[in-house]
Amino acid sequence: MNNFTFQSPTEFVFGKDTENKTGELCRKYGAKKILIVYGGGSIVRSGLLQRIESSLKSVDIPFITMGGIQPNPVDKEVYKGIDFARKNDINFLLAVGGGSVIDTAKAIAAGVPYEGDFWDFYCNKAKVEKALNVGVVLTIPAAGSEGSGNTVITKLDGLHKISLRAPEHLRPTFSIMNPTLTFTLPQKQTVAGICDMMVHISERYFTNTEEVETGDRICEGLYKAIIEEAPKVIANPRDYGARANIMWAGMVAHNWTSAFGMQECWCSHFMEHEISAVYNVTHGAGLSVIFPAWLTYMAKHNVHKPYQFAIRVWDVPAISNLKEEVALEGISRLKQFWSSLGLPVNFKELGIENPDIDLLVKKLHENKGELVGSYMQLSKEETRQIYELAL
Ligand code: NZQ
Ligand code: ZN
């Protein structure tokens, strides 16, 4: 196991009606004037925004709102938010929504106290030294941004979708997680979120670091819980227990609880970010296409963990002299599971008949360098083969 530090200061407030505590929590964390950031309107239609506004009014904290954040959020909205926040003396961001909204709020929070262009943080020209506090009311379990110190934004000029990691400053101060808020999710979003959290686990689990049995077993337990609970949520979207389990799994999958002391990979995410940047598909649906392709390539070239994954997660019988075959059977069971939820497992099913693989490979290596990933460091020729495996 490698050396590590792990600090997760977020206060998680989980369960029914917890959004009514928003005002109290904002006050506790020093909010004087709040910018509420939200998406395309689901929180208006469900009445959630109104409940949050009442909660803020009850503690006399003034607020203004900024809606319209789209999935796969873009820099234009961040610039707008920074400007808006400065002009209105905002000292606290409240993100009400999913990863796209939370990530935009985090980018605004880092951008407000910084004199330069906020994009400097994403292209490694500057480090986040301070940020406004961000509180979260989560409406979709998926990206894990409610517990992570990450934010992913797309620069419209050139469609560069880049992830920034700044856990010392960008983990939310609090995250309100009420599973009943997820009852209104369309099935497509529910399953994309389930896939996203499974791949967040995988980007840690598929590691060459040795002696990480504790982390491995946390990851395997999480996979198993999700495999058990996901079909219940599809069968009954109002199943509180199943929604609650999925919601918490999504947080644990990405706040580094499962990844201590392991070298992480993130190759599938980097490859997917190019797909969602160019084709504007749902991130989790892009992952259900690219991750099995990546794993198939790993079964051939670095079989150790795909073999363990097949045995421990998918209950494939161990056959030590046929490791690749065992690993491939595990991948086949993973794909069957995702298909049974209605997720696409190749480009065609994602609605992209002829992806521009030249462009995806070019952008990937422009953004991430000559070699991508760590479980295996992949050259342009290798990432091309993986994109082709997903056709
Ligand atoms: O915009 P509204 O109208 O709210 O609708 C949203 C949106 O269309 C809808 N939705 C959310 N909650 C709902 C709901 N509809 C009905 N009822 C509800 N309760 O769902 C749609 C998707 O929302 P979005 O925020 O885009 O989803 P998600 O949480 O999957 O976030 C995806 C973004 O997060 C990034 C992804 O790349 C993508 O840009 N990621 C962020 C990470 C991080 N910050 O740590 C890590 C992830 O790997 C990921 O890359
Ligand atoms: Zn993700």
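Structural notes, computed from the coordinates. Going along each chain's sequence as written, the residues are numbered from 1 onward. Throughout, the order in which chains and ligands are written sets their labels, letters from A for the former and numbers from 1 for the latter. With the structure being a predicted model, the display of local features is reserved for residues of pLDDT at least 70 and the display and counting of side-chain atom pairs for 80 or more, all residues being used for whole-chain, interface and lining totals. The side-chain numbers reported here are obtained from all heavy atoms of the structure, hydrogens and water having been left aside.

## Remarks on the pairing of strand 4 (residues 92-97)
- The buried fraction of strand 4 is high, at six of six residues.
- In this sheet, strand 4 lies alongside strand 2 (residues 34-38) in parallel orientation, the contact comprising five bridges. Note on strand 4: the bridge partner recorded for Ile-34 is Phe-92.
- Two strands are said to pair when DSSP picks up at least two bridges between them. Only runs of H or I of at least four residues qualify as helices and only runs of E of at least two qualify as strands under DSSP, and these elements are numbered from the N terminus. Pairing analysis gives six bridges linking strand 4 to strand 5 (residues 133-138), with the strands arranged parallel. Looking at the pairing, Phe-92 lines up with Asn-133 of strand 5. Residue exposure (1.4 Å probe, protein chains only): buried if accessible area is under 20% of the type maximum, exposed if over 50%, otherwise partly exposed.

## Comments concerning empty space enclosed by the protein
- A pocket, in this scheme, is an open set of points on a 1 Å grid over the protein atoms alone with protein on both sides within 12 Å along at least 5 of 7 lines, while a cavity is a set where a 1.4 Å probe fits but cannot get out; residues line either one if an atom lies within 4 Å of a point. Grid points are joined across faces, edges and corners, and a volume is the space filled by probe spheres set on the points. Scanning all chains against the criterion turns up one cavity of 30 Å³ or more.
- Along its surface, the largest cavity is lined by Pro-141, Thr-182, Leu-185, Thr-190, Val-233, Arg-243 and Ile-246.

## Overview of the coordination of the zinc ion (ligand 2)
- At this site the zinc ion (ligand 2) is bound by Asp-196 (OD), His-200 (NE2), His-269 (NE2) and His-283 (NE2), with donor distances of 2.0 to 2.2 Å.
- Positions of the donor residues of the zinc ion (ligand 2), expressed as sequence spacing, correspond to D-x3-H-x68-H-x13-H. With His-200 in helix 8 (residues 187-205) and His-283 in helix 12 (residues 283-301), this residue pair connects regions lying 83 residues apart in the sequence. As far as the burial class goes, His-200 and His-283 line up, both buried. Donor atoms: N, O and S within 2.8 Å of the metal, or within 3.2 Å for Na, K and Ca. Because water is excluded, sites can look incomplete.

## A closer look at the layout of surface pockets
- Approximately 540 Å³ is the volume attributed to the second largest pocket.
- If you trace the second largest pocket, you find 29 residues lining it, with Thr-5, Gln-7, Pro-167, Glu-168 and Arg-171 closest to the centre.
- Elements represented by at least two residues in the lining of the second largest pocket include exactly strand 5 and helix 7 (167-170).
- If you tally residues by element for the lining of the second largest pocket, the top one is helix 7, at four residues.
- Nonpolar residues are Ala, Val, Leu, Ile, Met, Phe, Trp, Tyr, Cys and Pro. Charged residues are Asp, Glu, Lys and Arg, and all others, Gly as well, are polar. The residue makeup of the lining of the second largest pocket, split by class, is 14 nonpolar, 11 polar and four charged.
- Where each domain begins and ends is defined by an automated method or by a domain database. In this structure, the lining of the second largest pocket is formed jointly by two domains, domain 1 (11-181) and domain 2 (185-389), each of which donates at least three residues.

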